[in-house]
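# Survey of secondary and tertiary structure
Spelled out from the first residue to the last, the chains are:
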Amino acid sequence: MNQKQNSREEDIQKLASLIKDVKICMMTTVDTDGHLHSRPMATQQVEFDGDLWFFTGKSTCKASEVKYDSHVNVSFADNSGHKYVSVSGRAILVTDRAKAEELWNPVYKAWFPKGIDDPDLTLLKVEVTRAEYWDSPNGAVTYLIGLAKALATGERANPGEHEKVDLLR
């Protein structure tokens, strides 16, 4: 793993480039028994600026868990591009009509039948504090060649770029 010192803005830009095309991520919360609970979430197609936004229902287990313990993890995987991101941060439930309208997509009516006016609709905002990513931008062929070379030579494979970033600075 490299230890580069990028600016916060550079780290945010890198994370944004890695997650921008991922449609579904996995969000993990902590339930009242201390167990981890993960579920798929639709990624909002807005530019990542250090915060992630999701729609959820006020009556969901997820909303209860975030109220109990706001620590969350959100994982993104782009298998075709060999890009993987794990972010951790604090989640809060937000009632903001303007933000909901900005993020709204008619397909969400499947979960919120009354649309943007559904009384159960709320936003879940994740304020990202830390992230870790793995990026092998040269694609599958280069990755497989590197893997074959490592197996043939007995040397460790180079998986590409791997960084830990702290957005609290």
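Before going into details, it helps to say that this report is about the structure given with it. What you are looking at is a predicted structure, and each value in this text was computed from that prediction instead of being measured. (Residues numbered from 1 in each chain as written. Predicted model: local features only at pLDDT ≥ 70, side-chain atom pairs only at ≥ 80, totals over all residues. Heavy atoms only, no water.)

### Re the nonpolar core
In this structure, Phe48, Leu52, Phe54, Val74, Phe76 and Val126 are the most contacted members of the largest nonpolar core, which totals 26 residues. Secondary structure elements with two or more residues in this core: α1 (8–19), β1 (24–30), β3 (51–57), β4 (71–78), β5 (83–94) and β6 (121–135). Excluding its chain neighbours within four sequence positions, the residues that come into contact with Val126 are Met27, Gly50, Asp51, Leu52, Phe54, Val72, Val74, Gly89, Arg90 and Ala91. Residues Tyr108, Phe112, Ile116 and Leu123 belong to the second largest nonpolar core, which totals ten residues. (Core = buried A, V, L, I, M, F, W, Y, C linked by side-chain atoms within 4.5 Å. Buried < 20%, exposed > 50% of the residue type's maximum accessible area, 1.4 Å probe, protein only. Helix = DSSP H or I, 4+ residues; strand = E, 2+ residues; numbered from the N terminus. Contact = heavy atoms within 4.5 Å.)

### Some words on unusual backbone geometry
Trans is the common state for peptide bonds, and a negative phi is the common state for residues other than glycine. Here His82, not a glycine, exhibits a phi torsion of approximately 55°, which is positive. As for its position among the elements, His82 is in the loop between β4 and β5.

### Topic: α1
Taking 1.5 Å as the rise per residue, α1 with twelve residues should run 16 Å; its terminal C-alpha atoms sit 17 Å apart, in good agreement. Among the residues of α1, Asp11, Ile12, Leu15, Ala16, Leu18 and Ile19 are the ones counted as buried. The buried side chains of α1 occupy one side of the element, clustering within an arc of 165° when seen end-on. What points out from α1, more than 90 degrees from its buried face, is the exposed set Glu9 and Gln13. (Expected span 1.5 Å × (residues − 1). Arc of directions from axis to C-beta.)

### Observations concerning the pairing of β1
Within β1, five of the seven residues are buried, which leaves the element mostly enclosed by the surrounding structure. Examined bridge by bridge, β1 and strand β2 (residues 36–42) share seven bridges and lie antiparallel to one another. Residue pairing across strands places Thr28 opposite Ser38, the latter belonging to β2. Sheet analysis places β1 next to β4, joined by three bridges and oriented antiparallel. (Pairing = 2+ DSSP bridges.)

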